[in-house]
Structures are given as C-alpha cells and as structure tokens.
Amino acid sequence: MNLDLLKTPAPTITALTAPFWKAAEEGRLSIQHCEECDAHVFYPRPICPHCWSDKLVWKDASGRATLKSFSVVHKPGHPGWLPIVPYTVGVVELEEGPTMLAFILRDAGDELDVGAAVHIVPTRISGRNMPAFKQS
Ligand SMILES: [Zn+2]
C-alpha cells in the first residue's frame, strides 16, 4: 500500500519543530547542533541537554545510522495504521549521535539485524514527509 494514503494522526508542528519539518518536506534530515559543546541534539529542544546552552543551530544530518532496536507492529495504537500491518518501527542511532524512533522500510523477506547500518529514505506517510530508514 502507498503509505501516503494512510489516515494517521500527524505530529503537531510548533515553532520549535518547524525547521525539522521544513527540512523533511525538502527531503533532508535536519537536527540541532550545539555551538557551545559541539553535541548534536534530537528531538528539538530550546536548550542543549548536555551543557544547557541555548546556542542551538539546525544542521543537516548525514542520514546514516545504526539500527539499535526494532519492533514489528501487529496491533497499532491507532486504526489509521491497520492497512499496513505488520509494519516495523525502530530506534536508530544517527551517525551524529542522537537516537530517533522511525518507520523502518522493509521489502518482503528482508531480515533485519540490530546493529545493522541503515540510511534515511524520505517517505511520504499520511500526507507528510517522514524520515524513514532502510537497511543499507
Ligand atoms: Zn551543548
């Protein structure tokens, strides 16, 4: 099924998260970077969780990551996801350091391994570009 046709609840865009979603619409993964301590930060925050500086700027991430964990969803938390069950979500550790929960794209029969290299595949899900990942 075309994931763009799903009728799922979409994340709320706020002033803090708007740069992330604008980049996503352009097919980029943008995360915050702390100019004070050089750490990358995700999810979006008003201050750095490492040094409490507010000198956070948006930078494009490489889109390369490692699969830290995943789960195959058979009973989704919202009925909008039912047309595509079972589907996979995973926690990926970005090359820049932060982790994020993301949709994992799999072809039928694809094996997934924790620790595998994955890369971003901007994917339209329910009318919005989302940073999905696929095993490299
Ligand atoms: Zn910092």
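Everything below is about the structure printed above this text.
I will try to describe carefully the structure that is included in this document. Everything numeric in this text was worked out from a predicted model, so none of it was measured. In this convention, every chain numbers its residues from 1, walking through the sequence in written order. Under the rules for a predicted model, residues below a pLDDT of 70 receive no local features and side-chain atom pairs below 80 are neither given nor counted, while totals for whole chains, interfaces and linings still include all residues. Excluding hydrogens and water, the side-chain figures rest on all heavy atoms present in the structure.

Observations concerning the overall build of the protein
Now for step 1: In terms of helices and strands, the protein carries 1 helix and 8 strands.
Now for step 2: Numbering of helices and strands starts at the N terminus; helices are DSSP runs of H or I of at least 4 residues and strands are runs of E of at least 2. When the helices and strands of the protein are placed in sequence order, the string is α-β-β-β-β-β-β-β-β.
Now for step 3: Projected onto its principal axes, the C-alpha coordinates of the protein cover approximately 45 × 30 × 25 Å.
Now for step 4: Only protein chains enter the calculation, and the probe is 1.4 Å; a residue is then buried if its accessible area is under 20% of its type maximum, exposed if over 50%, and partly exposed in between. For the protein, the residues scored as buried account for 39% of the 136 residues in total.
Now for step 5: Contacts between residues were defined by any pair of non-hydrogen atoms, one from each residue, lying within 4.5 Å. For the protein, long-range pairs separated by at least 24 residues make up 53% of all intrachain contacts whose partners lie at least 6 apart in sequence.

Here we look at the sheet that holds strand 4 (residues 64-73)
Now for step 1: A pair of strands is labelled paired if DSSP reports no fewer than 2 bridges between them. Strands sit in the order 4-5-6-8-7 around a closed barrel of 5 strands; the barrel is mixed. Across the sheet, the mean angle from the axis of one strand to that of its neighbour is 50 degrees, orientation sign disregarded.
Now for step 2: Relative to strand 5 (residues 87-94), strand 4 runs antiparallel, the two being bridged by 8 bridges. Its bridge partner lying in strand 5, leucine 67 is registered against valine 92.
Now for step 3: Angular values range over 0 to 180 degrees, each being the angle between N-to-C directions of two axes fitted as lines to C-alpha atoms, with helices fitted over their stretch in contact. In the packing of helix 1 (residues 18-25) onto the sheet, contacts are made with strand 6 (99-105), strand 7 (117-125) and strand 8 (128-135), and the angle to strand 8 comes to roughly 70 degrees.

Here we look at the coordination of the zinc ion
Now for step 1: Each metal site lists N, O and S donors within 2.8 Å (3.2 Å for Na, K and Ca). With water left out of the atoms, a site can look as if it is missing ligands. Distances from the zinc ion to its protein donors, Cys34 (SG), Cys37 (SG), Cys48 (SG) and Cys51 (SG), fall within 2.3 to 2.4 Å.
Now for step 2: Only four donors with every angle between 85 and 135 degrees are called tetrahedral; only four or six donors with opposite donors over 155 degrees apart and all others between 65 and 115 are called square planar or octahedral, in that order; all others are irregular. Every donor counted, the 4 donor atoms about the zinc ion form angles of 103 to 114 degrees at the centre, which fits tetrahedral coordination.
Now for step 3: Counting the intervening residues between successive donors of the zinc ion yields the motif C-x2-C-x10-C-x2-C. Within this pair, whereas cysteine 34 is found in strand 1 (residues 30-34), its partner cysteine 48 is found in the loop between strand 2 (40-41) and strand 3 (56-60), the two being separated by 14 residues in sequence.

Details of the sheet that holds strand 1
Now for step 1: Strands sit in the order 2-1-3 across an open sheet of 3 strands; the sheet is antiparallel. Each having just a single partner strand, strand 2 and strand 3 make up the two edges of the open sheet.
Now for step 2: In the sheet, strand 1 pairs with strand 2 via 2 bridges, with the strands oriented antiparallel. Counterpart to histidine 33 in the pairing with strand 2 is histidine 40.

As for the pairing of strand 1
Regular strands show a simple pattern: their side chains alternate between the two faces of the sheet.
Now for step 1: In terms of burial, strand 1 is a largely internal element, 5 of the 5 residues being buried.
Now for step 2: Judged from the 5 bridges that link them, strand 1 and strand 3 form a sheet pairing that is antiparallel. Its bridge partner lying in strand 3, serine 30 is registered against aspartate 60.
Now for step 3: Between strand 1 and strand 2, which follow one another and run antiparallel, lie 5 residues, and aspartate 38 among them has a positive phi close to 70 degrees.

Observations concerning the layout of surface pockets
Now for step 1: Roughly 500 Å³ of volume is contained in the largest pocket.
Now for step 2: The leading source of residues in the lining of the largest pocket is strand 6, at 4 residues.
Now for step 3: Classifying every residue of the lining of the largest pocket gives 17 nonpolar, 2 polar and 1 charged.
Now for step 4: The space that makes up the second largest pocket amounts to roughly 220 Å³.
Now for step 5: When contributions to the lining of the second largest pocket are tallied by element, the ones reaching two or more residues are strand 5 and strand 6.
Now for step 6: Considering each element in turn, the lining of the second largest pocket owes the most residues, 3 residues, to strand 6.
Now for step 7: Each residue gets one label: Ala, Val, Leu, Ile, Met, Phe, Trp, Tyr, Cys and Pro are nonpolar, Asp, Glu, Lys and Arg are charged, and the others, such as Gly, are polar. Of the residues assigned to the lining of the second largest pocket, the class counts are 9 nonpolar, 2 polar and 3 charged. Residues are called lining when one of their atoms sits within 4 Å of a cavity or pocket point, these points coming from a 1 Å grid over the protein atoms alone, where a cavity is a set in which a 1.4 Å probe fits but cannot get out and a pocket is an open set with protein on both sides within 12 Å along at least five of seven lines. Grid points are joined across faces, edges and corners, and a volume is the space filled by probe spheres set on the points.

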